[in-house]
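# Observations on chain architecture
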Amino acid sequence: MTKTIIRNGSLIDGNGEAPKQGQIIVIDGDRIEYVGDEDRYAETGDEQVIDAAGGSILPGFIDTHVHMMFEFSPVHERLATPFSFMYYRAAQYLKATLEAGVTSVRDALGTDLGVKKAVEEGLIPGPRLQLSINALTITGGHGDGYTVSGNVLDLLPSPYPGMPNGLCDGVEEVRKKTREMLRAGAEVIKVHATGGVLSATDHPEFTQFSLEELKVIVEEGRFRKGVKVMAHAQGAEGIKNAVRAGVHSIEHGIFIDDEAIELMLENGTYLVPTLLAPVAVLETAAETGMPETAVQKSREVIQHHIESFQKAYKAGVKIAMGTDAGVMKHGTNLRELGLMADAGMSPMDAIVASTKTAAECLGWGDRVGTIETGKLADIIIVKCDPLKDIHSLADNDNIQVVIKGGKVEKDLTA
């Protein structure tokens, strides 16, 4: 098999070190064979060469909170859309995500095992997927599609084969639903520990599930398959309940307080901030038919969200990049880095949060997240300097080359 050499670029390897010049990356199959000084590698002359043309070379980015099966749309459109159509749309969403430079994602509900299989077998292009299948939620809580009219309108239909419904109340129901998600192929369990912005009958500060229920969810994942739990948690009490129960990552974390931060530091809990989510709700409300309740709640929480992120970052909480893509358009994921930087994170820390730390959050730190010998060849080339202008990553035309597992998935230089 022909090897590939990437040269003539500034290497930002994902470890947080200063960019390196005069380095090459050699790809053999799906792996990185060599990273280092160009003059120390003996070329055979048979290698394929990719010229970075003075741009920046980075690991493929990782979005730890996406919903690949949908983009928020008006109610009338959802009601008029045949069930199977969502899979054809999802193929476009997956491709757009990959071409934005995101080579791995953690799906936070809605994507079933067949979609992952289609990507892995090369039927459709897309990022590497880690699945939660569906989220666990309480009756009347975030994720319950019950509306104030008494009708039920979910963002995605469930149950259907391979997609169990996530509604559950009480310890034994919670235990059974966790087992159903594991049976359906969940690699991480998603739980709604608080209310949310998009749900009509609750508020982000409302607490969902008891501490005992949350502990059962964590126990089932850990004892049966070693599966971790990610918790949608926006209110302070719900965040603290989730951390005390042993949840692996807090999603959103809008109303984090000092006690929650101390607990997260003590337990090594990750924060996935998704700063883009409420911003996108306000930007796209008219176009997508966002409920007025969601718009009002987004306006209410947006400054709290930024302040909570700032407190967690300054305290040293582990932060992994996530966007809630699906609430906004897929392929716009890298806007999140600019928002993190605007809130005070250094550009390099934003890159590390989106590569190395994100990979560690997924439990994939030994496979992806940094450009190192032996790891999967997930590499992107950008024609900008993200350390000087982190917002430039949000322009997909700046993402010149995307390589996933050694395969070139996008090449604007060709």
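Everything below is about the structure printed above this text.
Overview of the structure. Since the model is a prediction, treat every value here as computed from it, not as a measurement.

Reading the values: the criteria
Sequence order as written defines residue numbering, which begins from 1 separately in each chain. Two thresholds apply to this predicted model, a pLDDT of at least 70 for residue-level local features and 80 or more for giving and counting side-chain atom pairs, whereas whole-chain, interface and lining totals are computed over all residues. Computation of side-chain values covers all heavy atoms of the structure but excludes hydrogens and water. Any two of the Phe, Tyr and Trp rings considered here, Trp counted by its six-membered ring, make a pair once their centres fall within 6.5 Å; the pair's planes then place it as stacked at under 30 degrees, edge-to-face at over 60, or tilted in between. Summary of the burial criterion: residues with accessible area below 20% of their type's maximum are buried, those above 50% are exposed, and those between are partly exposed, where the area comes from a 1.4 Å probe applied to protein chains only. Remark: a charge is flagged as sitting over a ring if the NZ atom of Lys or the CZ atom of Arg is within 6 Å of the ring centre and within 35 degrees of the ring normal. In this description a helix means any DSSP run of H or I spanning at least four residues, a strand means any run of E spanning at least two, and both kinds are numbered starting from the N terminus. Our arc is simply the arc of the directions from the helix axis toward the C-beta atoms. Between N or O atoms, a polar contact is any pair within 3.5 Å; within protein, one atom must be a potential hydrogen donor and the other a potential acceptor, and residues adjacent in sequence are included only when both atoms are from side chains. Strands are treated as partners if at least two bridges between them are detected by DSSP. Think of each axis as a best-fit line through the C-alpha atoms, taken over the contacting stretch in the case of a helix, with angles from 0 to 180 degrees between the N-to-C directions.

Before going further, it helps to examine the packing of aromatic side chains. This structure, assessed with the given rule, holds four aromatic pairs. Centroid distance Y34 to Y41: 5.2 Å. Interplanar angle 35°. Geometry classified as tilted. The buried category is assigned to Y41, whose relative accessible area is 16%. For the ring pair F83 and Y87, a centre distance of 6.2 Å and an interplane angle of 70° mean the geometry is edge-to-face. The class of Y87 is partly exposed, set by a relative accessible area of 28%. One aromatic cluster in this structure is built from F83, Y87 and Y160. Sitting above the plane of the F72 ring, R78 keeps its charged end 4.9 Å from the centroid. A cation over an aromatic ring shows up here: R367 above the ring of W364, its NZ or CZ 4.8 Å from the ring centre.

Attention shifts here to helix 7 (residues 258–267). Three or four residues apart is the spacing at which side chains of an α-helix point the same way, because the helix has 3.6 residues per turn. Along helix 7, the residues classified as buried are A260, I261, L263 and M264. Burial along helix 7 is one-sided: seen end-on, the buried residues are contained in an arc of 165°. Exposed residues pointing more than 90 degrees away from the buried face of helix 7 are listed as D258, E262 and E266. Where helix 7 begins, the side chain of D257 points an oxygen toward the backbone nitrogen of E259, at a separation of 3.3 Å. Of the residues flanking the end of helix 7, it is G268, one or two places downstream, whose phi is positive at about 70°.

This next bit is on the sheet that holds strand 8 (residues 102–107). Where strands meet in a sheet, backbone hydrogen bonds hold them as pairs that are either parallel or antiparallel. Taken together, three strands build an open sheet; the order of strands is 7-8-9 and the sheet is parallel. Both edges of this open sheet fall to strand 7 (61–66) and strand 9 (128–131), since each of them pairs with a single strand only. Going from strand to strand, the sheet's axes swing by 15° on average, the running direction of each strand aside. Sheet topology note: the strand 8/strand 9 ladder contains four bridges and is parallel. The partner of D107 across the bridge, within strand 9, is L131.

Ordered in space as 4-3-1-5, the four strands form an open sheet in which the pairing is mixed. In this open sheet, the two edge strands, each paired with only one partner strand, are strand 4 (31–37) and strand 5 (48–51). The mean inter-strand angle of the sheet, taken between neighbouring strand axes irrespective of direction, is 20°. Where strand 1 (residues 4–7) and strand 3 (residues 23–28) come together, three bridges link them in antiparallel fashion. Paired with I5 across the strands is V26, a residue of strand 3.

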